[in-house]
Amino acid sequence: MQTLRSVFRRKARAFLTIFGITIGVLALVVTGSVAEKLQLLVDGGVEYYSDKVIVTDGSTFAGFGMSPISSEVLKDAEAIDGVKRGSVTLNFLLEDDVQTISMGTPPMVEATDFRDVGVETFNVTLAEGRDLTKNDGGKVTVGADLVAQLGAEVGSTVTIRGREFEVVGIYERTLTAPDSTVVMTLPDAQELFLDTLPEAVAKGLDKNALATSIVLFAEDGVDPDDLVKTVLKELGGSYNVQGPAGFKEFVQEPLQIFNYLIYTVALIALVVGGLSIINTMTIAVSERTREIGIRKAIGATRGAILRQFVAESAVIGLLGGLLGLGLGYLIVEATTRSEVMGATQLFLLTPRLAFGSVAFSLVLGVFAGLWPAWHAARLHPVQALSYE
Amino acid sequence: MSLALQLENVTRHYRLSADNYVNALRGIDLSVEAGDMVAIMGQSGSGKSTLMHIAGGLDKPDSGAVWLEESRIDKLSDRRLTALRSRRIGFVFQGFNLLPQMTALENTALAGKYGGMSRRAATRRAGELLALLGLAERSRHRPSELSGGEQQRVAIARALMNEPCLLMADEPTGNLDSATSGEIMTELVRLNREHGMTLLLVTHDPGIAALCRRRVTMQDGLIVETRSKVGS
């Protein structure tokens, strides 16, 4: 209580200093929330890709297959040593023109031939309704982020690329790619996909063999990254084959650099705030020299003076941190609410980020206060008492 | 009678610039018996405040020895000197020196806290002392809401918090009108007479010095005269 009173004796200065920390923590919370969300998204991807090899058309990049590949490849691929099962998948954008630029994955349509059932370990839990089966033509399951956008509820009808589908299930929010995915049967997807292709391209394609990627599950004990080499050799050079290492190389490593960058920017903002604490506390010590003299005369030890000023500085850091976290939370919440309406959730304010930001600002306050407090503690009582 | 304070050949100089020194104390010998009330008189610059700072453990001499009861204090480390100051010496200053952001009660209790009391014990004792000095009703007021006399009584209460063996007062009535000065001096004399508190008073005022049993006059860093009251 005394500490708070001392901090707010110069109200304007206290608020300005606290606000400096608030801005730093706000930057850390908001950018950190983006980093945490992307991290989760990528972790989801790492988990998904951990046990499989993805075969796409040679012209695609990093396994995100969009160009068609023939599902006939499946037979050859499944014959390769080390492949336990193969499954045809077809992915394409939910809408041709993506309206919002999102930091996550864009809304997608996904379909498989259900050959992965029982082999796929990466399964998304349903919030409502039931999962899709092979014979569910004309039906879909919808990811959590797309519920509002499509107006989906179990039993209702949604329109995808001009065609109506019945919703049989809605997925639980995962904060990863499946949140912005609509799942349908392969024949439905093949028909829809064909309609999206230019007529000249579509004409030469066999609708029933249409796929964007073949997912190969490695046999137990087979390293999927080793399997990549075998598959490449067996299938020939016109395919792009990616394993877990490829995903990490193309997505996880760049994300780490991005994370370092945004955390560095936020930390610089906080350190600038820390310098303003040092400035404020130095002025406070100088203004309160006489008070320090009085305290020493009536028995305050150096340690007591040191603790007093470090506590005041820590309070500035802590209040700035809490205020920054509160503001950051409001911004993240407000943006998330509006973002979910359109596309993928952009922010994820995790407990470790919230706790870490406030703890960092507290520690920053303590360290910023050490030098001025040490200076105060060393003042000579007689000289301090005669200070006007 | 036992000695409360003893100074032996104490010197102290201050450096004003590279080759300019002031010899504030030039060999002071002074003994104060327990329960005594001594006035230190002298003009500005005579060294009386420096004497009080060294006797009270706020400053250290260049040479000589300072004894507080049986303890030699001039060689103590800062930490031990601070501990001794907080428990055995009480200070009352001319400018009251209360902390403006704290109430009378908090100002008083602070000395107890620094002396090692718990917050609760310090607050209770501070309340008792303020009541003893007639400030029970004013204990929740801040210094800016108190008169000069009330502020000085708070300062006296604060000085008494840790039951010191020696109370030092530097011009305790210097900022007060004559009526209030009289009240404060009555309190100090009462503390000395009724509670046996040893008092060392620095003052310009011969009227105040006349209330003390002994008067020590300083000039240019030396004690030039010591007078005891007749009959004491």
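Residues numbered from 1 in each chain as written. Chains lettered and ligands numbered in written order. Predicted model: local features only at pLDDT ≥ 70, side-chain atom pairs only at ≥ 80, totals over all residues.

Caption draft 1: Quick look at the overall build of chain A. Within chain A, the regular secondary structure consists of twelve helices and twelve strands. Against the compact-globule benchmark of 21 Å for 388 residues, chain A has a radius of gyration of 29 Å, which places it well outside the compact range. Reported as C-alpha extents along the three principal axes, the dimensions of chain A are approximately 95 × 45 × 35 Å. Among the 388 residues that make up chain A, the fraction classed as buried is 45%. In chain A, 82% of the contacts between residues at least 6 apart in sequence involve partners at least 24 apart. (Helix = DSSP H or I, 4+ residues; strand = E, 2+ residues; numbered from the N terminus. Rg over C-alpha atoms; globule rule 2.2 N^0.38 Å. Buried ≥ 20, exposed ≤ 12 C-beta atoms within 10 Å, placed from the backbone. Contact = placed C-beta atoms within 7 Å.)

Caption draft 2: Main features of the overall build of chain B. Helix and strand content of chain B: seven helices and ten strands. Against the compact-globule benchmark of 17 Å for 232 residues, chain B has a radius of gyration of 17 Å, which places it among compact chains. When the backbone C-alpha atoms are referred to their principal axes, chain B occupies close to 50 × 40 × 40 Å. Scored against the burial criterion, the 232 residues of chain B give a buried share of 50%.

Caption draft 3: Layout of the nonpolar core. Val38, Ile40, Leu200 and Leu201 of chain B are the most contacted members of the largest nonpolar core, which has 117 residues in total. Sort the elements by how many residues they give to this core and helix H10 (residues 302-342) of chain A lands first, with twelve residues. In this view, leucine 201 of chain B contacts Val38, Ala39, Ile40, Ala169, Pro172, Ile208 and Cys212 of chain B; residues no more than four positions away in its chain are not counted. Listed in part, the 46 residues of the second largest apolar core include Val73, Val88, Ala111 and Val228 of chain A. (Core = buried A, V, L, I, M, F, W, Y, C linked by C-beta atoms within 7 Å.)

Caption draft 4: Quick look at the environment of glutamate 199 of chain A. All names here are of chain A. The topology assignment puts glutamate 199 in helix H6 (residues 199-203). Given 8 C-beta atoms within a 10 Å radius, glutamate 199 is considered exposed. Sequence separation between glutamate 199 and leucine 370 is 171 residues; the distance between their C-alpha atoms is 72 Å.

Caption draft 5: Inspection of the domain arrangement of chain A at higher detail. Split by domain assignment, chain A resolves into domain 1 (2-42 + 251-385) and domain 2 (87-216). Each of domain 1 of chain A and domain 2 of chain A was reduced to a C-alpha centroid, and the two centroids are 46 Å apart. (Domains from an automatic or database assignment.)

Caption draft 6: Looking closely at the sheet that holds strand S10 (residues 222-228) of chain B. All names here are of chain B. The strand order across the open sheet built from six strands is S6-S7-S8-S3-S9-S10, with neighbouring strands paired in mixed fashion. Of all the strands in the sheet, just strand S6 (89-92) and S10 have a single pairing partner and so form its edges. Neighbouring strand axes in the sheet, compared pairwise and without regard to direction, differ in orientation by 20° on average. Across five bridges, strand S3 (residues 37-42) lies against strand S9 (residues 214-219) in parallel orientation. When the sheet's bridge partners are listed, alanine 39 is paired in S9 with arginine 215. The sheet contacts of helix H5 (residues 148-160) involve S6 and strand S7 (166-170), and relative to S6 the element is tilted by about 170°. (Pairing = 2+ DSSP bridges. Axes fitted to C-alpha atoms, helices over the stretch in contact; angles between N-to-C directions.)

Caption draft 7: Representation of unusual backbone geometry within the structure. Of note in this structure, phenylalanine 114 of chain A is not a glycine but carries a positive phi near 65°. Along the polypeptide, phenylalanine 114 of chain A turns up in the loop between strand S4 (108-112) and strand S5 (126-129). Residue aspartate 220 of chain B is not a glycine yet carries a positive backbone phi of 50°. Take aspartate 220 of chain B: it is sitting in the loop between S9 and S10.

Caption draft 8: How the structure looks around the interface of chain B and chain A. On the chain A side, the residues contacting the 17 residues of chain B number 14 residues. Looking at the side of chain B that touches chain A, the elements with two or more residues in it are helix H2 (78-88) and helix H3 (104-114) of chain B. Element by element, the count of residues in the side of chain B that touches chain A is highest for H2 of chain B, at five residues. Here the residues of the side of chain B that touches chain A are counted per class, giving six nonpolar, six polar and five charged. (Nonpolar A, V, L, I, M, F, W, Y, C, P; charged D, E, K, R; others polar.)

Caption draft 9: Molecular detail of the pairing of strand S8 (residues 198-202) of chain B. Residue and element names in this part refer to chain B. Within S8, five of the five residues are buried, which leaves the element mostly enclosed by the surrounding structure. Of the two faces of S8, the one holding Thr198, Leu200 and Val202 and the one holding Leu199 and Leu201 are both buried throughout. In terms of strand pairing, S3 meets S8 through four bridges, oriented parallel. Residue pairing across strands places isoleucine 40 opposite valine 202, the latter belonging to S8. Relative to S8, S7 runs parallel, the two being bridged by five bridges. The partner of leucine 166 across the bridge, within S8, is threonine 198.

Caption draft 10: Broad picture of the sheet that holds strand S2 (residues 20-33) of chain B. Residues and elements named next belong to chain B. As summarised here, the arrangement of the four strands in space is S2-S1-S4-S5, forming an open sheet in which the pairing is antiparallel. Edge positions in the open sheet fall to S2 and strand S5 (71-72), since each of these has one partner strand only. In this sheet, S2 lies alongside strand S1 (residues 3-17) in antiparallel orientation, the contact comprising eleven bridges. Residue pairing in the sheet places leucine 7 in a bridge with leucine 30 of S2. With respect to the sheet, helix H1 (residues 48-55) is in contact with S1, S2 and strand S4 (63-68), its orientation differing from that of S1 by roughly 120°.

Caption draft 11: Examining the packing of H5 of chain B against helix H6 (residues 178-195) of chain B more closely. All names here are of chain B. With their axes 9 Å apart at the nearest point, H5 and H6 run at an angle of 15° to one another. The pairing of H5 with H6 is recorded here as roughly parallel in orientation. Viewed along their axes, H5 and H6 form a crossing whose handedness is right-handed. Of the residues in H6, those in contact with Gly148, Gly149, Gln152, Arg153 and Ile156 of H5 are Thr180, Glu183, Ile184 and Glu187. Along the lines of polarity and charge, the residues of the contact of H5 with H6 split into two nonpolar, four polar and three charged. (Parallel < 35°, antiparallel > 145°, perpendicular 65-115°, else oblique. Left-handed = near helix turned anticlockwise from the far one by under 90°.)

Caption draft 12: Geometry of the environment of threonine 176 of chain A. Residues and elements named next belong to chain A. Take threonine 176: it is sitting in the loop between strand S8 (163-171) and strand S9 (181-185). By C-beta crowding, threonine 176 is classed as buried, having 23 other C-beta atoms within 10 Å. Non-local contacts of threonine 176, meaning those with residues more than four positions away in its chain, are made with Leu40, Leu41 and Gly44.

Caption draft 13: Spatial organisation of H3 of chain B. Residues and elements named next belong to chain B. Among the eleven residues of H3, eleven are classified as buried, and the element is accordingly described as predominantly covered. The complete set of buried residues in H3 reads Ala104, Leu105, Glu106, Asn107, Thr108, Ala109, Leu110, Ala111, Gly112, Lys113 and Tyr114. Positive phi shows up at glycine 116, right after H3, with a value of about 100°.

Caption draft 14: Structural view of the packing of H3 of chain B against helix H4 (residues 119-132) of chain B. All names here are of chain B. Their axes nearest at 8 Å, the elements H3 and H4 cross at an angle of 125°. The orientation of H3 relative to H4 falls into the category oblique. Note on packing geometry: the crossing formed by H3 with H4 is right-handed. On H4, the residues touching Ala104, Leu105, Thr108, Ala109, Gly112 and Lys113 of H3 are Arg119, Ala121, Ala122, Thr123, Arg125, Ala126, Gly127, Leu129 and Leu130. In the contact of H3 with H4, the residues fall into eight nonpolar, four polar and three charged.

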